[in-house]
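This is what each chain is made of:
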Amino acid sequence: MIHKVDDQLRREALVYALRFACPDCASFNEEEQTCSLGFPVEDHKDAQITERSHVVFCKTFELR
Ligand code: SF4
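Bear in mind the structure is a predicted one, so any value in this text is a computation, not a measurement.

Caption draft 1: Spatial organisation of the site of the ligand. Near the ligand, the surroundings consist of Cys22, Cys25, Ser27, Phe28, Cys35, Leu37, Phe39, Val41, His44, Cys58, Thr60 and Phe61. Looking at the shell around the ligand, its residues break down into nine nonpolar, three polar and no charged.

Caption draft 2: Representation of unusual backbone geometry in the model. A positive phi angle, close to 50°, is found at Ala17, a residue other than glycine. Using a count of 8 C-beta atoms within 10 Å as the deciding quantity, one classes Ala17 as exposed. For Gln33, which is not glycine, the phi dihedral falls at a positive 55°. Relative to the elements of secondary structure, Gln33 occurs in the loop between strand E2 (28-29) and strand E3 (34-35). Of the residues examined, Gln33 has 11 C-beta atoms within 10 Å and is grouped as exposed.

Conventions and cut-offs
Residues numbered from 1 in each chain as written. Predicted model: local features only at pLDDT ≥ 70, side-chain atom pairs only at ≥ 80, totals over all residues. Near = placed C-beta within 6 Å. Nonpolar A, V, L, I, M, F, W, Y, C, P; charged D, E, K, R; others polar. Buried ≥ 20, exposed ≤ 12 C-beta atoms within 10 Å, placed from the backbone. Helix = DSSP H or I, 4+ residues; strand = E, 2+ residues; numbered from the N terminus.

Below, the structure written as structure tokens:
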């Protein structure tokens, strides 16, 4: 799911420490920088939210 990032979301992401990217997902293989479920990670690996216009959420994200 592609979600637009605006200033309100940037503020709330920082205030509530929102996590949404592969490095914070239980299925992420840090050593290989891949998804253990076999999904492509390119659109989901970037955890920063301050300098982006949109986020591509992964439906299978599970907080580690
Ligand atoms: S399940 Fe989704 S968010 Fe989690 S590591 Fe795989 S691609 Fe990334």
